[in-house]
Amino acid sequence: MKHLFTTLICCFTIGVCAAQDSTATAPTLSVDSTTTIQTTLPDTIATIPAIVDKEVFRKNGVKMNLTSLAFSNYSFSYERALARKITLVGGYSFAPETKASSIPLVKKGLEFAELESDEDGEEISDILDEANVKSNAITGELRFYTGKKAGARGFYASIYGRYTTMQLSHLYEYENDLGVTYDLPLNAKLTGVGGGVMFGAQWLIAKRVTFDWYIIGGHYGKLSGNIDAKTDLRDMSEEDKAELEAELEDMATHGDRKYIDATVNDNGMFGKVNSPFAGIRGLGFNLGIAF
């Protein structure tokens, strides 16, 4: 149960033209009396227009992250060119409320845990089977593309910021030394703010179809919020309340650092969350339309 908090939280050119004057008169050669070869140029010299190379590229694009669907997450983004090889990207993603165990990739993890068939694996499996999760995220990103071709094409490096809200719910059972069980309906509302960098590549695979690949990236920031379980605990002893408080705080303790400050009283459990907010962006495959 120590890894509950970590488990839940850890629970998207060109036209060239040239013309040449067909009326230009060719140079003439003449030989004078002293056998000196002379060249006579025409009075009018043909003018050859300069080659015009106009770069045509799509300044806008809308995309959907296909990889995030494996997490039951729907992620969309809009990209706008600010300069020849610089763009601004705005993204929004959301995961509707669902059981953590029903998420496709989580299912695979549960299967692996069952194969291990150890006590921790079974405990995590039970937790995820009962936990409900919901999230929303807004991302702002500035991209710098490489390559000779104009527009949002080629490899890129980006800096981005992310604002995330998460809601988690889980029925937590506490059993004291006498075998008495107390049900605590845990509900968490968390907010994460962070920034980071990412590397990727984007191609125009058809006239108006783009493929954007998030290669690798990550962000770091702060996660804060509340985790509460309102229930009647008037018949719980003070010793059990102290033990329950310590058990809940141990869910999010790393070394000497405690990321949940919990209080247990007759009305239930009330906790404040203050922890790092970190995430990885990578192996994201996005399909989009350029216009």
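Note that the structure is predicted; figures quoted are calculated from it, not measured. (Residues numbered from 1 in each chain as written. Predicted model: local features only at pLDDT ≥ 70, side-chain atom pairs only at ≥ 80, totals over all residues. Heavy atoms only, no water.)

With that out of the way, let us pick up unusual backbone geometry. In this structure, Ser72 is a non-glycine residue whose phi angle is positive, near 55°. On the secondary structure map, Ser72 appears in the loop between strand S3 (60–65) and strand S4 (74–83). The phi torsion at Leu283 lies on the positive side, around 55°, for a residue other than glycine. As for its placement among the helices and strands, Leu283 is situated in strand S13 (residues 268–290). The class for Leu283 is exposed, based on a relative accessible area of 54%. (Helix = DSSP H or I, 4+ residues; strand = E, 2+ residues; numbered from the N terminus. Buried < 20%, exposed > 50% of the residue type's maximum accessible area, 1.4 Å probe, protein only.)

Moving on: the pattern of salt bridges. Side-chain pairs of opposite charge can arise whenever the charged atoms involved come near each other. What the rule picks out here adds up to ten salt bridges. Linking Lys241 and Asp266 is a salt bridge whose minimum nitrogen-to-oxygen distance equals 2.2 Å. A residue pair is termed long-range when its members are at least 10 positions apart, and Lys241 in helix H4 (residues 238–250) and Asp266 in the loop between strand S12 (260–265) and S13 qualify at 25 residues. For Lys241, a relative accessible area of 4% translates into the label buried. You can call Asp266 partly exposed: its relative accessible area is 35%. Salt bridges sharing common partners tie together Lys63, Glu79, Glu141, Arg143, Asp212 and Arg281. (Salt bridge = Lys/Arg side-chain N within 4 Å of Asp/Glu carboxyl O.)

Another aspect to go through is the nonpolar core. Most often, soluble globular proteins keep nonpolar side chains buried together rather than apart. Counting 31 residues, the largest nonpolar core has Tyr172, Leu184, Leu244, Leu248 and Met269 as its most contacted members. Of all elements in the fold, only strand S7 (154–175), strand S8 (181–204), strand S9 (209–230), H4, S12 and S13 reach the threshold of two or more residues within this core. Ranked by residues supplied to this core, first place goes to S8 with five residues. Discounting chain neighbours no more than four positions away, the residues touching Leu244 are Tyr172, Tyr174, Leu184, Leu233, Met236 and Val264. (Core = buried A, V, L, I, M, F, W, Y, C linked by side-chain atoms within 4.5 Å. Contact = heavy atoms within 4.5 Å.)

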